[in-house]
Amino acid sequence: MSARFQELDWQPTPMGEISLRRRRDPSSGEDVYEVKLGDEYLMSSLFTEGEVELTRLGLAELAEGLLDVVVGGLGLGYTARTALDDPRVRSLVVVDALPQVIDWHRRGLVPLGTGLATDPRCRLVRGDFFAMVTGGTADGSGVPGEAGSAEDAAAGVDATPRGLDPDHPGRRFHAILLDVDHSPRHVLHPSHAALYGVAGLTALADLLHPGGVFALWSNDPPDEAFGAVLAQVFTDTAAHVVDFDNPLQGGTAANTVYVARRRRD
């Protein structure tokens, strides 16, 4: 059992100071892992139902057969772990903008890290998911980001500004599962906002096989305006409300998982 509270890592990033903390939950006696960006809580191992349901609901829409999947946002790894637990998944690319988060998994600082980092089906890729979708910056201007820098190469990090698989530009996937921003309206960085418009979602749909699925986690209730935009690009769209216990505040809380299918060509 760990000490009551430990800060396992703290590092500056272009988005602010990020920290990984482990504390002992007084009610259960279990270790709880938390990630903060600046003063804002990004995620906690106390609340993983939304991340798990993101994968479950997204992959449930796909027929039997081998699947190639992308997860945008590594976090504590619950979305990726649920994907690898599906026996249909033959390959998984997990894209995260912060090398610090990838490093936590490779060093085994988080409970699921070693299993993800050593699974031969799984690749952890450093990159800006939003810019990689459009082949440049997230606003589609085509200006490459920092991916592919000498620092990345020296660290053995896979990164590229074009496509979601650095080794195969333009590769298509059966499912893209995204959990980075709080919601389409509450983004972590202004450059992310363009993805949630028609042009950004169209670029994302081009990276799916016909009939492939895009699923998105949101901390907000279902947003009718965003749902209407989603329906302009995809077919069979739905917003699923995921309820879960909230031991900190009591009662229940809820996330939203949007699921949309690319039209069959």
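Right, let's walk through the structure included here. (Residues numbered from 1 in each chain as written. Predicted model: local features only at pLDDT ≥ 70, side-chain atom pairs only at ≥ 80, totals over all residues. Heavy atoms only, no water.)

### Section: the pattern of salt bridges
A full pass over the atoms with the stated rule returns 15 salt bridges. The residue Glu 61 makes a salt bridge to Arg 261 at a minimum N-O spacing of 3.7 Å. In this pair, Glu 61 sits in the loop between helix H1 (49-60) and strand S5 (67-72) while Arg 261 sits in strand S11 (residues 252-261), placing the two residues 200 residues apart along the sequence. The class of Arg 261 is buried, set by a relative accessible area of 13%. Three or more residues are tied together by salt bridges with common partners; here these are Asp 68, Arg 90, Arg 123, Asp 165, Asp 167 and Arg 171. (Salt bridge = Lys/Arg side-chain N within 4 Å of Asp/Glu carboxyl O. Helix = DSSP H or I, 4+ residues; strand = E, 2+ residues; numbered from the N terminus. Buried < 20%, exposed > 50% of the residue type's maximum accessible area, 1.4 Å probe, protein only.)

### A look at the sheet that holds strand S2 (residues 16-24)
Pairing between sheet strands relies on hydrogen bonds along the backbone, with the strands arranged either parallel or antiparallel. Taken together, the four strands give an open sheet; going across it, the order is S1-S2-S3-S4, and neighbouring strands pair in antiparallel fashion. Whereas interior strands pair on both sides, the edge strands pair on one side only; in this sheet they are strand S1 (5-13) and strand S4 (40-44). Going from strand to strand, the sheet's axes swing by 20° on average, the running direction of each strand aside. Pairing of S1 with S2 involves eight bridges; the strand directions are antiparallel. Bridging from a neighbouring strand, Pro 12 pairs with Glu 17 of S2. (Pairing = 2+ DSSP bridges. Axes fitted to C-alpha atoms, helices over the stretch in contact; angles between N-to-C directions.)

### Observations regarding the environment of Gly 135
Tracing the backbone through its elements, the reader meets Gly 135 in the loop between helix H5 (129-134) and helix H6 (150-155). Gly 135 sits in the buried class, given a relative accessible area of 9%. For the pair formed by Gly 135 and Gly 163, sequence separation is 28 residues and the distance between their alpha carbons is 6.3 Å.

### What to know about the sheet that holds strand S10 (residues 235-245)
The seven strands are arranged S7-S6-S5-S8-S9-S11-S10 in an open sheet whose pairing can be described as mixed. The open sheet has two edge strands with one neighbour each: strand S7 (122-126) and S10. Averaged over all adjacent pairs, the angle separating strand axes in this sheet is 15°, with direction ignored. Note: strand S8 (residues 173-178) against strand S9 (residues 208-218), five bridges, orientation parallel. By the bridge assignment, Leu 178 is partnered in S9 with Leu 216. Against the sheet, helix H3 (residues 99-106) engages strand S6 (89-96) and S7, with an angle of about 150° to S7. Helix H8 (residues 224-233) contacts S9, S10 and S11 of the sheet and is inclined by roughly 20° relative to S11. (Contact = heavy atoms within 4.5 Å.)

### Some thoughts on the pairing of S2
In textbook terms, the turn of a hairpin is the stretch between consecutive antiparallel strands, and for S1 and S2 this stretch comprises two residues. Bridge count for S2 against strand S3 (residues 31-37) is seven bridges, and the pairing is antiparallel. Bridge pairing in S3 links Leu 20 to Val 35. What sits between the antiparallel neighbours S2 and S3 is a turn of six residues, in which Gly 29 has the positive phi angle 75°.

### Digging into the pairing of S6
Regular strands show a simple pattern: their side chains alternate between the two faces of the sheet. Of all eight residues in S6, seven are buried; the element is thus mostly enclosed. Of the strand pairs in this sheet, S5 and S6 are connected by six bridges, and their pairing is parallel. What sits directly across from Val 71, in S6, is Val 94. Between the parallel elements S5 and S6, the chain passes through helix H2 (residues 78-84) in a crossover that is right-handed. (Right-handed = clockwise from strand over helix to strand, strands pointing away.)

### A closer look at the side chain of Ser 44
Tracing the backbone shows Ser 44 in strand S4. Within the local environment of Ser 44, its side chain forms a polar contact with the backbone nitrogen of Leu 46, the two atoms lying 3.1 Å apart. With residues up to four places along the chain from it excluded, the contact list for Ser 44 reads Val 32, Tyr 33, Glu 34 and Leu 76. (Polar contact = N/O pair within 3.5 Å; in protein donor to acceptor, adjacent residues only side chain to side chain.)

### Comments concerning the side chain of His 105
Inspection of the secondary structure assignment puts His 105 in helix H3. Not counting chain neighbours up to four residues away, the residues in contact with His 105 comprise Leu 74, Gly 75, Leu 76, Gly 77, Val 110, Leu 112, Gly 113, Thr 114, Leu 116, Ala 117 and Leu 124.

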